[in-house]
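Structure assessment
Residues per chain, in single letters:
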Amino acid sequence: KNEVEQSPQNLTAQEGEFITINCSYSVGISALHWLQQHPGGGIVSLFMLSSGKKKHGRLIATINIQEKHSSLHITASHPRDSAVYICAVRFNNDMRFGAGTRLTVKP
Amino acid sequence: NAGVMQNPRHLVRRRGQEARLRCSPMKGHSHVYWYRQLPEEGLKFMVYLQKENIIDESGMPKERFSAEFPKEGPSILRIQQVVRGDSAAYFCASSRRGTEQETQYFGPGTRLLVL
């Protein structure tokens, strides 16, 4: 069993829809990261969370440390949000990554 | 303020050759992490370095792979005698202090293809 599980694996939405991507982890962590990998392959850090909730534009990330669960929400989704979203947990010196959620937003 | 730079962006090698991948961290960052993304697989941690020190190399294959981050110049990930299974995207990331609760900034990656 992977230490970081993401769901869904693939997600297709219509423009304007509210999107939720989930991440569960099984190890004790100090921080959780949400990353975005563009179709061209580049990786962008979206959020780093250790508790609570963070918001940046249309993106919201939450984490529940007790339940070992985090969610990434995208409000008013847009085709340019189409990418792979990756959850990663910092565990000692290394990062453990989820398999990613491939999001496609159709106009 | 330039971000994390990696070069080359694409590298083609024949089996048995050496591959050298370079990573220049963001200005002011002295901690570098290398990750590998095999085709159709997720990212995997390889090694964590600070200037002139390897902090954690638990994710590095035991043979043929080495990494360094000298006092001056970029971090180098070196793969000797490459094999087809080394074909992957190699990403580096950097951070300022290396603390656990700190954002890592990723480079654009080097895509290695071994023929």
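Above this text you will find the structure in question.
This text gives an overview of the structure that appears in the document.

Thresholds applied
Each chain carries its own residue numbering, running from 1 in the written order of its sequence. Written order determines the labels here, with chains lettered from A and ligands numbered from 1. Local features in this predicted model are restricted to residues whose pLDDT is 70 or higher, and side-chain atom pairs enter the listing and the counts only when it is 80 or higher, whereas totals over whole chains, interfaces and linings include all residues. Note: side-chain values were computed over all heavy atoms of the structure, leaving out hydrogens and water. Labels follow the DSSP assignment, with helices taken as runs of H or I lasting at least four residues and strands as runs of E lasting at least two, numbered in each case from the N terminus. When the sulfur atoms of two cysteines come within 2.5 Å, that pair is taken as a disulfide. In this scheme, a residue with accessible area under 20% of its type's maximum is buried, one over 50% is exposed, and one in between is partly exposed, where area comes from a 1.4 Å probe on protein chains only. Should any heavy atoms of two residues lie within 4.5 Å, those residues are counted as being in contact. Two parts placed together each lose some accessible area under a 1.4 Å probe, and the buried area is that loss summed for both. For this document, the term salt bridge refers to a Lys or Arg side-chain nitrogen within 4 Å of an Asp or Glu carboxyl oxygen. Polar contact is the term for a pair of N or O atoms within 3.5 Å; when the atoms are in protein, one must be able to donate a hydrogen and the other to accept it, and sequence-neighboring residues count only if both atoms are side-chain atoms. Think of it this way: DSSP has to see at least two bridges between two strands before they count as a pair. Each axis is a line fitted through C-alpha atoms, taken for helices only over the stretch in contact, and angles between the N-to-C directions span 0 to 180 degrees.

What follows concerns the environment of Leu 11 of chain B. Assignment of secondary structure puts Leu 11 of chain B in strand β2 (residues 10–13). Spatially, the C-alpha atom of Leu 11 of chain B lies 28 Å from that of Arg 96 of chain B, the residues being 85 residues apart in sequence.

All chains considered together, the criterion is met by 2 disulfides over all chains. Each sulfur of the disulfide joining Cys 23 of chain A and Cys 87 of chain A lies 1.9 Å from the other. The S-S bond linking Cys 23 of chain A to Cys 87 of chain A shows a torsion near -60 degrees; that makes this disulfide left-handed. Of this pair, Cys 23 of chain A sits in strand β3 (residues 19–25) while Cys 87 of chain A sits in strand β9 (residues 83–91), and the two are 64 residues apart along the sequence. This pair shows no difference in class: Cys 23 of chain A is buried, exactly as Cys 87 of chain A is. Each sulfur of the disulfide joining Cys 23 of chain B and Cys 92 of chain B lies 1.9 Å from the other. The chirality of the disulfide connecting Cys 23 of chain B with Cys 92 of chain B is right-handed, given an S-S dihedral of about 70 degrees. Of this pair, Cys 23 of chain B sits in strand β3 (residues 19–24) while Cys 92 of chain B sits in strand β9 (residues 88–95); the two residues are 69 residues apart in sequence, bridging distant segments of the chain. Grouping residues by exposure puts Cys 23 of chain B and Cys 92 of chain B together as buried.

This part takes up the interface of chain B and chain A. Contact with chain B, which involves 20 residues of that partner, is made by 19 residues of chain A. Buried area between chain B and chain A, both sides added, is near 1700 Å², and the carbon and sulfur share of it is 53%. Of all residues in chain B, Leu 43, Glu 100 and Phe 106 of chain B bury the most surface against chain A, accounting for 35% of the area lost on that side. The tally of links between chain B and chain A comes to 0 salt bridges. Our count for the contact surface shared by chain B and chain A stands at 4 residue pairs in polar contact (both at pLDDT 80 or more).

Another point: the sheet that holds strand β1 (residues 5–7) of chain B. Residue and element names in this part refer to chain B. Reading across from one edge, β1-β3-β8-β7 is the order of the 4 strands in this open sheet, with antiparallel pairing throughout. At either end of the open sheet lies a strand with only one pairing partner, and these are β1 and β7 (65–68). Ignoring which end each strand starts from, the neighbouring axes of this sheet average 15 degrees apart. Relative to β3, β1 runs antiparallel, the two being bridged by 3 bridges. For Gln 6, the partnering residue across the bridge sits in β3 and is Cys 23.

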